[in-house]
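Coordinate inspection notes
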Amino acid sequence: MSQESIAAGAIAGSIRSEAGRGQWSSRWVFFLAATGSAVGLGNIWKFPYITGQNGGGAFVLVYLACILAIGIPLLMAEVMIGRRGRANPEGAIAAVAREAGASRHWRRIGSLAVLTGFLVLSYYAVIAGWTVAYTPAALSGSFVGLNAESSGALFNTLLADPWRLTAYGSFVLLLTLGIVAFGVRDGLERSLRFMMPGLFLILLVLVGYAATTGHFMQAVEFLFAPDFSKLTGKGVLIALGHAFFTLSLASGAMMAYGSYLPAGTSIVRTSLMVAATDTTVALLAGLAIFPLVFANGMEPGSGPGLVFVTLPIAFGQMPLGALFGGLFFVMLALAALTSTISLSEPTIAWLGERFGMGRVKAVLLSGAAVWLLSLGSVLSFNHWSEVTLFGKTFFDGLDFLTSNLMMPLGGLFTVLFTGWVMKRAIAAQALGLDQSGAFGLWWLAIRWITPLAIALMFLHSLGLF
Ligand code: TRP
């Protein structure tokens, strides 16, 4: 590539024109969108329960280290590739590979990412549906007087009813696709501008509420006082995998969002802000949830049922529990919705750019396909509970396939592509950095630390050690 075109790229931060594509109206909006993608069920539902199961403080420390050493470098790489290539994940990687004089086949990493996002959406929407189901239940006071048994029964009755699960999941998908159909500015941007502040506001109110229970310090200690004797090798790898999931990596979302990023915006600074906010939300969710759990003498390590079974019992016993319980599930629904929006975007951009399909048509086609697939997850909780995929139910199998196989594999190839195929000078320029200082640190992480750590995690998830 000639010096002139490198110089031209330096101005635009990308090698393609932005003409005809959507673009975020500011860096702030990109921050909202990427944070909306990252903050989701992973932060509020999953992080607290895996922390509970893995002993608290020491696990949190390892998780923070994984975010720093792996999550942040990969997040920067994905946003950078998206902006450099200005296309859907497949098209963006193809463009960057072409610039590097590398094989076209690298674009398959992008195709894999689009497919991962599509598959995740099909089951994520079903869980998001649970949050929609729980919101009116909380507000109407249905949690009053629940005990461990009746709360478990309430949850199981929902899971046993395919019609209700389908209705709630479809509602989430309709809302998501309805928003996405309006495009980057009128759909994504406009909805995020009120959903994200709403989510933060509710979270702060809930942390304040938790602080009144008298068990706040116990939660602080649980989350922040490390006891390494409670940490297992498996816990370390769970922390690593969660760093991936919580930052929406290797599923096309961050690349697609990066492709709408205006030139000249600092990818480094914005990515750091996204990761910091995502982590803060996870920790605050812990501080909102654990005081209630401890105040009611319940177990922090109860697993996936922590939010849907344990927490309703607490809300049922607390003053103003209907109000705060309702707020909690509204917050969870908002967090899930901003994530489903970003999960659907890569497929839609891919259909549009690869096949020249109009946006509405792409939304309808991908929506129909993902809805059909979501029925598999719905049925796996009831009629198909005996049907297995990788020895698990359809839902668990899909989660395993995406989180434990496709994401690590896609992430591994993404960092190998970035660190070993892209030229150092071009990577620096695409990030908007000169080749010294901070860039050197990132380059070291991308070439060595992230690939080794991801490979380790991947081998573990295959049960090889
Ligand atoms: N980060 C989301 C969460 O914490 C989950 C997620 C994984 C995701 N991959 C994604 C969301 C891709 C949007 C896009 O809940």
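Structure report, in brief.

Procedures and definitions
Residues numbered from 1 in each chain as written. Predicted model: local features only at pLDDT ≥ 70, side-chain atom pairs only at ≥ 80, totals over all residues. Heavy atoms only, no water. 1 Å grid on protein atoms, 1.4 Å probe; cavity = no way out; pocket = protein on both sides within 12 Å on 5 of 7 lines; lining within 4 Å. Points joined across faces, edges and corners; volume = space filled by probe spheres on them. Helix = DSSP H or I, 4+ residues; strand = E, 2+ residues; numbered from the N terminus. Nonpolar A, V, L, I, M, F, W, Y, C, P; charged D, E, K, R; others polar. Near = heavy atom within 4 Å. Polar contact = N/O pair within 3.5 Å; in protein donor to acceptor, adjacent residues only side chain to side chain. Areas by Shrake-Rupley, 256 points an atom, 1.4 Å probe, with all protein chains shown as cover. Sits in = over half its atoms within 2 Å of the grid points. Contact = heavy atoms within 4.5 Å. Buried < 20%, exposed > 50% of the residue type's maximum accessible area, 1.4 Å probe, protein only.

Points about the layout of surface pockets
Roughly 960 Å³ of volume is contained in the largest pocket. Breaking the lining of the largest pocket down by element, the ones donating at least two residues are α3 (41–53), α6 (107–139), α7 (148–160), α11 (233–246), α17 (394–421) and α19 (438–461). Ranked by the residues each element gives to the lining of the largest pocket, the list is headed by α17, at 8 residues. Split by residue class, the lining of the largest pocket holds 21 nonpolar, 7 polar and 5 charged.

So, empty space enclosed by the protein
Where empty space is left in the structure can be found by rolling a water-sized probe over the atoms. A full pass over the atoms with the stated rule returns 5 cavities of 30 Å³ or more. Computed from the structure, the largest cavity encloses a volume of approximately 140 Å³. For the largest cavity, the lining is made up of 17 residues, of which S37, Y124, F245, S248 and L343 are closest to its centre. Put simply, the parts of the chain that give the lining of the largest cavity at least two residues each are α2 (27–38), α3, α6, α11 and α15 (321–355). For the lining of the largest cavity, the residue count by class is 8 nonpolar, 9 polar and no charged. Space inside the second largest cavity adds up to approximately 60 Å³.

Observations regarding the site of the ligand
In the vicinity of the ligand there are 15 residues, among which A38, G42, Y124, F245 and S342 approach most closely. Here an oxygen atom of the ligand sits 2.9 Å away from a polar atom, N or O, in the main chain of A38. Here T246 contributes a backbone N or O atom positioned 3.1 Å from a nitrogen atom of the ligand. Protein contact buries 100% of the 360 Å² of open area that the ligand shows by itself. A molecule is said to occupy a pocket when more than half its atoms come within 2 Å of that pocket's grid points, and by this definition the ligand occupies the largest cavity. Every element with two or more residues in the shell around the ligand is listed here: α2, α3, α11 and α15. Across the shell around the ligand, the residue classes break down as 6 nonpolar, 9 polar and no charged.

Side note on the side chain of S377
Along the chain, the position of S377 falls in helix α16 (residues 359–380). Ignoring anything within four residues of it in the chain, the contact list for S377 reads S122, Y123, V126, F394, F395 and L398.

Side note on the side chain of T418
Tracing the backbone through its elements, the reader meets T418 in helix α17. Other than its neighbours up to four places away in sequence, T418 contacts A77, M80, I81, W442, W443 and I446.

Points about unusual backbone geometry
Its identity as a non-glycine residue notwithstanding, S248 has a phi of 55°, on the positive side. On the secondary structure map, S248 appears in the loop between α11 and α12 (253–258). Relative accessible area serves as the criterion here: at 11%, S248 is assigned to the buried category. You will see that F390, though not glycine, has its phi angle at about 55°, which is positive. Mapped onto the secondary structure, F390 falls in the loop between α16 and α17.

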